[in-house]
Protein chains: 2
Amino acid sequence: MLEERLVEALGHDAVKTAPEDLAAYAFDAYSDGALPDAVVLPASTRDVSAVARIASDLGVPIVARGAGTGLCGGAVPAKGGIVVSFARMNRILELDVRNRRARVQSGVVNLDLSRAALSGGLFYAPDPSSQKVSTIGGNIATNAGGPHCLSYGTTVNHVLGLEIVDSAGGVFETKLDEPGYDLTAAFVGSEGTLGIVTSAWVRLMQLPESVRVWVAAFGTVEAASEAVSAIVGAGIVPTALEMMDAVITKAVEAAFGAGYPTDAGAVLLIESAGFDDDMDAYEAAIRAIAERYGALSWRTARTQAERDALWAGRKGAAAATGRIAPNYYTQDVCVPRSKLPEALRAVEAAAARYDLTVGNVFHAGDGNLHPLLMYDKSDARQIAAVIETGNTILQAAVDLGGTISGEHGVGYEKREAMTRVYSTADLAAMARVRDVFDPTRSLNPDKIFPKGLRCPEVAPPA
Amino acid sequence: MLEERLVEALGHDAVKTAPEDLAAYAFDAYSDGALPDAVVLPASTRDVSAVARIASDLGVPIVARGAGTGLCGGAVPAKGGIVVSFARMNRILELDVRNRRARVQSGVVNLDLSRAALSGGLFYAPDPSSQKVSTIGGNIATNAGGPHCLSYGTTVNHVLGLEIVDSAGGVFETKLDEPGYDLTAAFVGSEGTLGIVTSAWVRLMQLPESVRVWVAAFGTVEAASEAVSAIVGAGIVPTALEMMDAVITKAVEAAFGAGYPTDAGAVLLIESAGFDDDMDAYEAAIRAIAERYGALSWRTARTQAERDALWAGRKGAAAATGRIAPNYYTQDVCVPRSKLPEALRAVEAAAARYDLTVGNVFHAGDGNLHPLLMYDKSDARQIAAVIETGNTILQAAVDLGGTISGEHGVGYEKREAMTRVYSTADLAAMARVRDVFDPTRSLNPDKIFPKGLRCPEVAPPA
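Computed from a predicted model, the values in this text were never measured in an experiment. (Residues numbered from 1 in each chain as written. Chains lettered and ligands numbered in written order. Predicted model: local features only at pLDDT ≥ 70, side-chain atom pairs only at ≥ 80, totals over all residues. Heavy atoms only, no water.)

Colleague: If you had to explain the domain arrangement of chain A to someone new, which residues and values would you point to?
Modeller: Residue and element names in this part refer to chain A. The domain architecture assigned to chain A consists of domain 1 (1-207), domain 2 (210-318), domain 3 (325-399) and domain 4 (415-457). Inter-centroid distance (C-alpha atoms) of domain 1 to domain 4 is 21 Å. Every contact between the two is made by 23 residues of domain 1 and, on the other side, 12 residues of domain 4. Carbon and sulfur atoms make up 64% of the area that domain 1 and domain 4 hide from each other, which totals about 1,400 Å². Looking only at domain 1, the three residues that lose the most surface to domain 4 are Ser 167, Thr 193 and Leu 194, adding up to 40% of its buried area. In this assembly, domain 1 and domain 4 are joined by 1 salt bridge. Across the salt bridge formed by Asp 446 and Lys 79, the nearest N and O atoms sit 3.8 Å from each other. In this structure, the connection of domain 1 to domain 4 is made through 8 residue pairs in polar contact (both at pLDDT 80 or more). (Domains from an automatic or database assignment. Contact = heavy atoms within 4.5 Å. Buried area = accessible area lost by both parts, 1.4 Å probe. Salt bridge = Lys/Arg side-chain N within 4 Å of Asp/Glu carboxyl O. Polar contact = N/O pair within 3.5 Å; in protein donor to acceptor, adjacent residues only side chain to side chain.)

Colleague: Could you give an account of the relation of the copies chain B and chain A, naming the residues involved and the relevant values?
Modeller: For the match of chain B to chain A, the screw axis carries a shift of 0.0 Å, the RMSD comes to 0.0 Å, and the turn is 180°. Overall, the copies show the geometry of a two-fold rotation axis. Same-surface contact between copies: 100% of interface residues of chain B are shared with the interface of chain A. (Least-squares fit on C-alpha atoms with pLDDT ≥ 70 in both.)

Colleague: Describe the interface of chain B and chain A, and please don't skip the residues or the numbers.
Modeller: In this assembly, 52 residues from chain B lie in contact with 52 residues from chain A. In total, about 4,200 Å² of surface goes out of reach between chain B and chain A, with carbon and sulfur atoms giving 57% of it. Interface area lost by chain B to chain A is led by Pro 179, Tyr 181 and Val 436 of chain B, which between them contribute 19%. On inspection of chain B and its partner chain A, the count reaches 2 salt bridges. Our count for the contact surface shared by chain B and chain A stands at 16 residue pairs in polar contact (both at pLDDT 80 or more). Mapped by element, the contributors of at least two residues to the side of chain B that touches chain A are β9 (171-175), α7 (184-187), α8 (221-233) and α15 (424-437) of chain B. Considering each element in turn, the side of chain B that touches chain A owes the most residues, 9 residues, to α15 of chain B. Taken together, the residues of the side of chain B that touches chain A break down into 30 nonpolar, 10 polar and 12 charged. (Helix = DSSP H or I, 4+ residues; strand = E, 2+ residues; numbered from the N terminus. Nonpolar A, V, L, I, M, F, W, Y, C, P; charged D, E, K, R; others polar.)

Colleague: Which residues make up the packing of aromatic side chains, and what values go with them?
Modeller: Pairs of aromatic rings are described using the distance from one ring centre to the other and the angle between the two planes. Residue and element names in this part refer to chain A. Applying the stated criterion across every chain yields a total of 12 aromatic pairs over all chains. Ring geometry for Phe 123 against Tyr 152: centres 5.7 Å apart, planes inclined by 65°, an arrangement best described as edge-to-face. Of the two residues, Phe 123 sits in strand β7 (residues 122-123) while Tyr 152 sits in helix α6 (residues 149-152), which places them 29 residues apart along the sequence. Here the two residues Phe 123 and Tyr 152 agree in accessibility, since each one is buried. These aromatic residues form a ring-pair network of at least three members: Phe 172, Phe 187 and Phe 437. When the ring centre of Trp 201 is taken as origin, the NZ or CZ atom of Arg 101, which lies over that ring, is 4.4 Å away. (Phe/Tyr/Trp six-rings, centres within 6.5 Å; stacked < 30°, edge-to-face > 60°. Buried < 20%, exposed > 50% of the residue type's maximum accessible area, 1.4 Å probe, protein only. Lys NZ or Arg CZ within 6 Å of the ring centre and 35° of its normal.)

Colleague: Any chance you could break down the side chain of Thr 155 of chain B for me, citing the residues and the numbers?
Modeller: With respect to the helices, strands and loops of the structure, Thr 155 of chain B is situated in the loop between α6 (149-152) and β8 (159-165). Every residue in contact with Thr 155 of chain B, bar those within four places of it in the chain, is listed here: Tyr 124, Pro 126, Asn 139, Ile 140, Asn 143, Ala 144 and Val 188 of chain B.

Colleague: Outline the confidence of the model for chain A, listing residues and values.
Modeller: Residue and element names in this part refer to chain A. With 98% of its residues at a pLDDT of 70 or more, chain A has an overall mean of 93. Contacts for the low-pLDDT stretch residues 455-462, under 50 throughout, to residues beyond four places or in other chains number 19 contacts. Across the assembled chains, the prediction reports ipTM 0.80 with pTM 0.87. (pLDDT = per-residue confidence, 0-100.)

Colleague: Any details on the pairing of strand β4 (residues 82-85) of chain A? Residues and values, ideally.
Modeller: Residues and elements named next belong to chain A. Burial along β4 is two-sided: Ile 82 and Val 84 and Val 83 and Ser 85, pointing in opposite directions, are all buried. Pairing of strand β2 (residues 38-40) with β4 involves 3 bridges; the strand directions are parallel. Opposite Val 39, over in β4, you have Val 83 as the bridge partner. Sheet topology note: the strand β3 (residues 62-65)/β4 ladder contains 4 bridges and is parallel. (Pairing = 2+ DSSP bridges.)

Colleague: Mind laying out helix α11 (residues 304-315) of chain B, listing which residues take part and the relevant values?
Modeller: Residues and elements named next belong to chain B. Along its 12 residues, α11 runs 16 Å from first to last C-alpha, staying within 8% of the 16 Å computed at 1.5 Å per residue. Residues of α11 that are buried include every one of Arg 307, Leu 310, Trp 311, Gly 313 and Arg 314, and no others. For α11, the buried positions fall inside an angular range of 160° around the axis, keeping them on one side. (Expected span 1.5 Å × (residues − 1). Arc of directions from axis to C-beta.)

Colleague: How would you summarise the sheet that holds strand β1 (residues 15-16) of chain B if you had to cite specific residues and measurements?
Modeller: In any sheet, the strands associate via hydrogen bonds between backbone groups, in a parallel or an antiparallel arrangement. Across the sheet, 4 strands lie side by side as β1-β2-β4-β3 (chain B); this open sheet has mixed pairing. Looking at strand neighbours, the two that pair on one side only are β1 and β3 (62-65) of chain B, the edges of this open sheet.

Colleague: Quick rundown of the packing of helix α1 (residues 2-10) of chain A against helix α3 (residues 45-58) of chain A? Include the residues and the values.
Modeller: All names here are of chain A. Closest axis-to-axis distance for the α1/α3 pair is 10 Å, and the angle between their directions is 160°. Relative to α3, α1 is oriented roughly antiparallel. Once α1 is placed against α3, the crossing between them reads as right-handed. Contacts from Leu 2, Arg 5, Leu 6, Ala 9 and Leu 10 of α1 reach α3 at Asp 47, Ala 50, Val 51, Ile 54, Asp 57 and Leu 58. The residue inventory of the contact of α1 with α3, partitioned by class, reads 8 nonpolar, no polar and 3 charged. (Axes fitted to C-alpha atoms, helices over the stretch in contact; angles between N-to-C directions. Parallel < 35°, antiparallel > 145°, perpendicular 65-115°, else oblique. Left-handed = near helix turned anticlockwise from the far one by under 90°.)

Colleague: Break down helix α1 (residues 2-10) of chain B for me, citing the residues and quoting the values.
Modeller: Residue and element names in this part refer to chain B. Taken as a whole, α1 has its buried residues at Leu 2, Leu 6, Val 7 and Leu 10. For α1, the buried positions fall inside an angular range of 125° around the axis, keeping them on one side. With respect to the buried face of α1, the exposed residues turned more than 90 degrees away are Glu 4 and Glu 8. Contacts from the buried residues of α1 go to β1, β2 (38-40), α3 (45-58) and β4 (82-85).

Colleague: Please set out the state of the cysteines residue by residue, giving values where relevant.
Modeller: According to the stated counting rule, one finds 0 disulfides over all chains in the structure shown. Unpaired in terms of disulfides, Cys 334 of chain A finds its nearest cysteine sulfur in Cys 149 of chain A, a separation of 8.7 Å. For Cys 334 of chain A, a relative accessible area of 16% translates into the label buried. Free of any disulfide, Cys 72 of chain B has its nearest cysteine sulfur in Cys 334 of chain B, 13 Å distant. (Disulfide = S-S within 2.5 Å.)

Pasting the structure below:
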């Protein structure tokens, strides 16, 4: 019945129900979820609307999916239903260079947008490490960050308006910079639980006149952390300020030969962008602070190729850990910048307690940690150790005044942890908003909200 | 009954029902509204919560009010009820210099926050012309802008989290930079229709090392508009870029002797802030563009006193028009920057058709026009002319691809105009959000939403 109605609305070609097709959509970069009942590949907003109406009629859940690079199970079904893939809705509908904005379908790949904007001297700023494959729609669902969100902000700061299909198939738009309620921000980061974003107006930024990239090596992650705090504290905001520890730089150099020193306890990758005339002053100011905090070496990337190699190494860091262990788990937590040394000590202690190798590669300027826990998933003991270590790190971040996710989202993995940062009343306010757009909880069910949230406040007041 | 219950909860001193007290709360800077049934002056979130519960029990509307400087009737009752004044909730609860943020009660006056932050080298960026008296709570309700929102953004870009009392008296918080739905932006600019904001975490910014202010005179507003477009188009974003026409500069100089040339068709007030070393380059770049577009003169304010005088003149411009006519009406519309010359011609034509004097003083860099229409409210013909002219300007802005409000809000005045920029489905999405937080529509009723919005979609789906 479900399949028949979907085929009737979208055509045979756009509906997949063969077991081998469904299996591919039970995974994202987190782990396995449940098999969907059907996968659809809509070509238009009208198609998405038709799917939502059918799902609503039949009481079937919907999970929207971009490229499936999410790290917390946000894009896989928790309990069957329809997966809506945006693979065919990948067109840039409008590139408005003069007003520095673009309208894109949800399936446009992040980096493709920046490539298209290049001819107009523009780029799309949010740059998650997955940007070569992840989509604008997926980035919107998770409010994706990236190394450059230190100075440019996360996805929510770059979305100007959304076209949304609600759970009953209705279509509406949100617009920033217009009077009335600003609902755009509520949808960005809502992980497909409030509505299905079909297209977006996004902000494009002017390419800077000049970009410089530096690498500073330190004896310890503590020393590098102190330097990070001091740089930002001095009122200098580099466009990126990334840290990698020795475990990571060794793996990155073995994999890519990117140009990082492998004999340091930690390296900082620092980027500044702006007017050419300002670059020497930026370098002098940042370098002076780095040296005050014990930098062992300072290197300037001399060419575009050198800069690209350093960034490729940084963005490929997680993949490079394949040389250390067959599997890795990425935790994603935030702490106040001033608490970085303490947080890193807690990470190290937790990994040591469970006998795991940990590598740290993260957005230091934002206090956004990404400890990579190395393991072998064929060993049940190691899996248990990873889960315990991940939880210990999560709680340590909360105890230090931080939070449970920096940029990867909540998804299925961290829904229970939401109670560590929100009161029941705060969560109920969110749930009430969900109830108006998705009263039957059929959009990406069992995500974000803790299973235990069954208080009376969750129901909309009568 | 209402009075008794309010007095019981808040004490005699915090409840006003004498006719002379109520009369003062039937006005804001727009015009007269309806008399409230009672005015309360809560001292705490608990008081506000108690008032909401009483209002809910008795089915009485609530209108939250800051300093009453709003220009579209947002802070006055449309049909009686309780006005909640935040005059007593005016404490800065926490000034966190290290993390550059503050927690303030809603009644804190905008400028008082910047004054308090000064000792830490910080300031609060949104600076509406009313900042000497308007409150953070009122600024949040209207998502207030100001001259500096060109580079710093409006209020929504500076609010990190809110404490909110809902229409049933429940208290909850929203938090930016936390996972889950980002509801903060939905509440900012919702004009007291979604909940009553009792306190807010706001961002503070570091005072720049150096600030320069320049005045460029032009023969016509068209020439000045072209220069504005070219400056921003060149990738230069001054911290402020304000325009005043000859009607306004003459009034300002007569009132304040601020230092503006009175023989020019238009003047631009331009401010840049940043590192001292960069200022000469900024000046050279901006001045070169101004001169390319026909600037007749260029002056640099040499001292802090000169800069303060120029800003005081700009911010006092509306008041200065008292020298031209006993009353003025401020329209607030936006157009794309490139359409400024056309928009200004439309303003002039509309005023001429109805025989009104119009002065233009506005945030040119944002394309945010504020035509001031001069009139005498004792003359019914002139009142009718102002209404017609205001409507004509509003429609002209929409026709040029702009919108019905830049920063003053919708309130009572512009609710019917919302249909000019939103579809019924878009408005219904907003109304559905309202229904969860304020199902009885008792928070600031008859504001923002057009009276005609009675489509089935407005009801929350069953």
